Protein chains: 2
Amino acid sequence: MSKQSLSTQPYKGTRDFFPEQMQVRDAIFSQLRASVESYGYQAYDGPMLEPFELYAAKSGDEIVSEQLYSFEDRGKRKVAMRPEMTPTLARMVASRSNQLARPIRWYSIPNLWRYERPQRGRLREHWQLNVDLLGLASVEAEVEIVQVAIDLLRGFGAGISDFEVQINHRQLMDAVFEQKLALSSEQVPLVARAIDKRAKIEPAAFEKLLVEAGCKAQQIEDLNAFLVSPLMELEADFGDNPGFKDLCRFFDHVNAIGLGPVCRFNSSILRGLDYYTGIVFEIYDKHPDNRRALFGGGRYDNLVGMFGGEQIPGVGFGMGDVTLADFLDTHGILPQVSPSIDVMVGLFDASLFDLSQQIARQLRQAGLRVSSVLVPMKLGKQFQNADKQGIPIMVMLGPDEAQQGQVTVKHLKSGEQETLAQTSLVPYLQNLLA
Amino acid sequence: MSKQSLSTQPYKGTRDFFPEQMQVRDAIFSQLRASVESYGYQAYDGPMLEPFELYAAKSGDEIVSEQLYSFEDRGKRKVAMRPEMTPTLARMVASRSNQLARPIRWYSIPNLWRYERPQRGRLREHWQLNVDLLGLASVEAEVEIVQVAIDLLRGFGAGISDFEVQINHRQLMDAVFEQKLALSSEQVPLVARAIDKRAKIEPAAFEKLLVEAGCKAQQIEDLNAFLVSPLMELEADFGDNPGFKDLCRFFDHVNAIGLGPVCRFNSSILRGLDYYTGIVFEIYDKHPDNRRALFGGGRYDNLVGMFGGEQIPGVGFGMGDVTLADFLDTHGILPQVSPSIDVMVGLFDASLFDLSQQIARQLRQAGLRVSSVLVPMKLGKQFQNADKQGIPIMVMLGPDEAQQGQVTVKHLKSGEQETLAQTSLVPYLQNLLA
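This is a predicted model, so every value here is computed, not measured. Note on numbering: residues in each chain are counted from 1, in written sequence order. By the order in which they are written, chains take letters starting at A while ligands take numbers starting at 1. Where local features are concerned, this predicted model is filtered to residues with pLDDT of at least 70; where side-chain atom pairs are given and counted, the filter is 80 or more; whole-chain, interface and lining totals use all residues. Derived side-chain values reflect all non-hydrogen atoms in the structure, with water molecules and hydrogen atoms excluded from consideration.

## Overview of the overall build of chain A
How we decide: Numbering goes from the N terminus for both helices and strands, where a helix is a DSSP run of H or I of at least four residues and a strand is a run of E of at least two. In this treatment the radius of gyration is a C-alpha quantity, and the globule benchmark scales as 2.2 Å times the residue count to the 0.38 power. Exposure categories follow from relative accessible area, calculated using a 1.4 Å probe and restricted to protein chains: below 20% of the type maximum is buried, above 50% is exposed, and the middle band is partly exposed. Note on contacts: a residue pair qualifies if any of its non-hydrogen atoms lie within 4.5 Å across the two residues. Only the protein chains shown count as cover for residues, and all accessible areas are computed by the Shrake-Rupley method using a 1.4 Å probe.
In terms of regular secondary structure, chain A is built from 16 helices and 17 strands. For chain A, the C-alpha radius of gyration of 28 Å lies well beyond 22 Å, the compact-globule estimate for 434 residues. Along the longest, intermediate and shortest principal axes, the C-alpha atoms of chain A span 95 × 55 × 50 Å. For chain A, buried positions account for 55% of its 434 residues. For chain A, contacts bridging at least 24 residues in sequence account for 66% of all contacts bridging at least 6. For chain A, the accessible area works out to roughly 18300 Å², and carbon and sulfur atoms hold 47% of it.

This is the structure in structure tokens:
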């Protein structure tokens, strides 16, 4: 292997996180953790590799056949790099379903892998916050999960008018498809796909898709009427539908709690057909430059049972890091990154290395974050380097100070400096940085 | 795929992190981060997958041929799951070597993959703290890195007599092998492997390995004499050796800084032959139940240059999470995990759901971590559930309290409770939990 052939670029569709990007990622993840932990959710994690069968059994066909990173290990076992976290969650919950206290409130921020053509917001490796509440079958669980989703964005400083939660119910849609429109089981996925595209295409194009799905004029008229109906007008036709009832209860609760203004019924929200069983929701960015679904989730009651044990009802959502960062950037609310070093201890000359290191150790033991100069260089250069790294304070020590048990503190912003006893340095700096 | 065939177990050699394990992992990683950040090191990360060539070019043969998780992606590109972090570090540094301010102080806690037979301390997926200081060629860099390593363990509460840093120098060993013993280039790795095993085997078995490596009686005698010599006694033979000089300077510094008692010269420490170029060190557990190398590192000056650009001198170490947890457990200093929820808001009956949720929201907005009961159940059961989760405080609200704008706070440890105005709840709890 010749040296020249080694590229310094990361694998296609992945990212290197240099310290400046890592600080932003850490700040975003910290905020996410604080938000979900404020609801009592606990962190979990699973392995990066899972048995291939875990995805073959449940994930969508497109993921398994076209996007999964799978291979045989050296023991001829077929494995896959996780493309999503929910199968791992279901496996873990199933493995301890008798011991785990209900309800289960868990979150994770795994990195996930999909073989995709890299484009804006779609990478081969991305991180995704997963928040799930398992063990409750009633709509109050959705009320909590939607609150968590809202407060995640609010926690970064997003305003109430920056985004909107659009909500629908799979059982209401089943009633529309099966009873009102009397679609065949072949037609349902085609019509669902048309509805999914509806917001992005012209009415005529939407109608064309429905015709292609085999819909008659009356069916198209009925569907169009349904899709523009407010929830309250659906009572006559769907008053007994459990999905309709759930939605009414859901909106009563969010209105009472004060979250009505960010929540809206939208019967065009469908999400994964095979997966969700109750309320589904998507969070939309309302910024004119970024009008798009940011993330979403819903109720899935059939997941844990695929391991053969009891069914456990669940509700949850996943939020990708790239989409979230786009949202924060668009709204000017990316977290501010603060300087990560409090003090630089300079080095006057090589003979003062040990004393300078002793002082740096003292400061660290007092809880300060301290970088130190290890090899002699011009003092001006030392100040410059510290300033470039955003370090506010430089501690210097020449032969005179060393002899007199003193130290000089330089404030790099103002250029001011003062000399004090080494024994006063810790309280002086603690006070300054408090 | 039938339901019964899906296992709930994680892939062999990997771990599921349920919340109780994840809390410990998070607590350990937080302490590691705090320690390295107190030295001004900055976090970075790279992708889980790298081009196969990155490892073929540098990692040991055993890793690439027997332990690497590598496969072809759907675009026929050969990729590997990272078995170690240093090649990624080198790639990233090489890609920006002109822009990065020197010295570079970086750390990362990646998960790494090796196909091994799972056993104590060896898993297929493990996490490893990597700490590296690049851009300084002199031994003061090693003085800092060894300080960081020491303070990592001290940060968890390890005592000065719980562990020891054993230090050697590759250039000193080169002089022994090439000049003093005049070994051939074929003999060097064999003799090195024998020295590596020396502490774990009988003197006779050690001698046998040397004989098998083609060593004559005089060579064996000279090597044995060398291996038991204190550093100071090597001056006559090696006084001009740059490795010997580095070691003397290193020990002068650590003695002056006060770390002499934890550092010891040990000429049996070798580590990866192809990789390290200067000082090498290993941290040993001194506990009688766990006498073993915990982790180690050293100077590698030839790494970044494999991308064709300039060479950048470096020094660093890697520390595995399993080994570290064993050490902390053996010494009884695993981090204490504190309860992650401050308050449980109970639910008297369904009619009080919205009001209870409003109160929970208020508490969260005040910075508290609040779980809430979402479906009605017996009050005794609610107290029990909260107590089981280690939640210290329960907030309850019946119809009388609701009408009078009051709320009852129950202390689950003592069973005491008191009723107060809803408007006083936030300051009351903040004061209680402060």
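## Some thoughts on the relation of the copies chain B and chain A
Quick note on the threshold: Alignment of copies: least-squares fit on C-alpha atoms of residues with pLDDT of at least 70 in both copies.
Least-squares fitting of chain B to chain A yields an RMSD of 0.0 Å, with the transformation described by 0.0 Å of translation along the axis and a rotation of 180 degrees. Overall, the copies show the geometry of a two-fold rotation axis. Residues of chain B ranked by C-alpha distance from the rotation axis are headed by F71 of chain B, positioned 3.3 Å from it. A share of 100% of the interface residues of chain B reappears at the interface of chain A, consistent with the copies meeting face to face through the same patch.

## Some points on the sheet that holds strand β14 (residues 370-372) of chain A
All names here are of chain A. Here is the rule we go by: Strand pairing requires that DSSP identify at least two bridges connecting the strands. Working convention: axes come from line fits to C-alpha atoms, limited for helices to the stretch in contact. Angles between N-to-C directions cover 0 to 180 degrees.
In space, the 5 strands of this open sheet follow the order β14-β13-β15-β16-β17, with mixed pairing throughout. In the strand order of this sheet, the two ends are held by β14 and β17 (417-421), each with one partner. On average, adjacent strands in this sheet sit at an angle of 25 degrees to one another, irrespective of strand direction. The pairing of strand β13 (residues 343-345) with strand β15 (residues 393-396) spans 3 bridges and is parallel. Residue pairing in the sheet places M344 in a bridge with M394 of β15. Packing of helix α14 (residues 379-388) onto the sheet brings it into contact with β13, β15 and β16 (406-411), and relative to β15 it is tilted by some 150 degrees.

## Here's the deal with the pattern of salt bridges
Selection rule: Salt bridges are counted wherever a side-chain nitrogen of Lys or Arg sits within 4 Å of a carboxyl oxygen of Asp or Glu.
Evaluation of the coordinates by the stated rule reveals 40 salt bridges over all chains. In this structure, D16 of chain A and R91 of chain B form a salt bridge, with 2.7 Å as the shortest nitrogen-oxygen distance. With one member in each of two chains, D16 of chain A in the segment before α1 (19-37) and R91 of chain B in helix α4 (residues 86-95) form a pair that bridges those chains. For the salt bridge of R102 of chain B with E310 of chain B, the shortest nitrogen-to-oxygen distance reads 2.7 Å. Residue R102 of chain B is located in the loop between α4 and β5 (104-108), and its partner E310 of chain B is located in the loop between β11 (292-300) and β12 (314-320); the two are separated by 208 residues in the primary sequence. Judged by relative accessible area, which is 38%, E310 of chain B ranks as partly exposed. Among the charged side chains, a network of salt bridges with common partners joins D16 of chain A together with E50 and R91 of chain B.

## Points about the packing of aromatic side chains
Note the cut-off: For Phe, Tyr and Trp, rings pair up if their centres lie within 6.5 Å, where Trp contributes its six-membered ring, and each pair is then called stacked (planes under 30 degrees apart), edge-to-face (over 60) or tilted (otherwise). Only Lys NZ and Arg CZ are tested; either one counts as a charge over a ring when it is within 6 Å of the ring centre and within 35 degrees of the ring normal.
Here the structure, examined in full by the defined rule, presents 27 aromatic pairs over all chains. Among the aromatic residues, those joined into a cluster by ring pairs are Y11, Y69, F71, W113 and Y115 of chain A together with Y11, Y69, F71, W113 and Y115 of chain B. For K410 of chain A, the ring lying beneath its charged end belongs to F383 of chain A, and the centroid distance is 4.7 Å.

## Side note on the interface of chain B and chain A
This is how the line gets drawn: Computed with a 1.4 Å rolling probe, the buried area is the accessible surface lost when two parts are put together, summed over both parts. Polar contacts, as used here, are pairs of N or O atoms within 3.5 Å; protein pairs need one atom able to donate a hydrogen and one able to accept it. Residues neighboring in sequence count only if both atoms are side-chain atoms. In the scheme used here, Gly and all other residues not listed as nonpolar or charged are polar, with Ala, Val, Leu, Ile, Met, Phe, Trp, Tyr, Cys and Pro taken as nonpolar and Asp, Glu, Lys and Arg as charged.
Facing the 93 residues of chain B at the interface are 93 residues of chain A. Summed over both sides, the interface of chain B with chain A buries roughly 8000 Å², with 59% coming from carbon and sulfur. The tally of links from chain B across to chain A stands at 8 salt bridges. In this structure, the connection of chain B to chain A is made through 44 residue pairs in polar contact (both at pLDDT 80 or more). Broken down by element, the side of chain B that touches chain A gets its largest block of residues, 8 residues, from helix α1 (residues 19-37) of chain B. Its residues placed into classes, the side of chain B that touches chain A shows 43 nonpolar, 24 polar and 26 charged.

## As for the nonpolar core
Condition: We define a nonpolar core as any set of buried Ala, Val, Leu, Ile, Met, Phe, Trp, Tyr and Cys residues linked to one another through side-chain atoms lying within 4.5 Å.
The biggest cluster of nonpolar side chains holds 179 residues, and the ones touching the most others in it are L153 and L223 of chain A together with L32, L129, L153, L223 and F317 of chain B. Beyond its immediate chain neighbours, meaning those up to four positions away, L153 of chain B contacts A158, F163, I283, L294, F295, M319, L324 and F327 of chain B.

## Notes on the side chain of T8 of chain B
Mapped onto the elements of the fold, T8 of chain B is located in the segment before α1. A relative accessible area of 19% means that T8 of chain B is categorised as buried. Here T8 of chain B is in contact with R91, A94, S95 and F307 of chain A together with D16 of chain B, once residues within four sequence places are set aside.

## Concerning helix α11 (residues 242-257) of chain A
All names here are of chain A. Rules: Every helix has an expected span of 1.5 Å times one less than the residues it contains.
Look at α11: 22 Å from first C-alpha to last across 16 residues, which is about the 22 Å you get at 1.5 Å a residue. Within the span of α11, buried status applies to G243, F244, L247, C248, F250, F251, H253, V254 and I257. Just downstream of α11 lies G258, where phi reads positive at about 100 degrees.

## Points about the side chain of Q382 of chain B
Relative to the helices and strands, Q382 of chain B is located in helix α14 (residues 379-388). With near-sequence residues (within four places) excluded, Q382 of chain B lies in contact with G346, L347, V373, M377, M394 and M396 of chain B.

## Some details on the pairing of strand β8 (residues 163-169) of chain B
Residue and element names in this part refer to chain B. Extensive coverage of β8 is indicated by the burial of 7 of its 7 residues. Because side chains alternate across β8, one face comprises the buried residues F163, V165, I167 and H169, and the other comprises E164, Q166 and N168, equally buried. Examined bridge by bridge, β8 and strand β10 (residues 279-285) share 7 bridges and lie antiparallel to one another. Bridging from a neighbouring strand, V165 pairs with I283 of β10. Where β8 lies against strand β9 (residues 263-265), 3 bridges are found, and the strand directions are parallel. Bridge assignment links I167 to a residue of β9, and that residue is F265.

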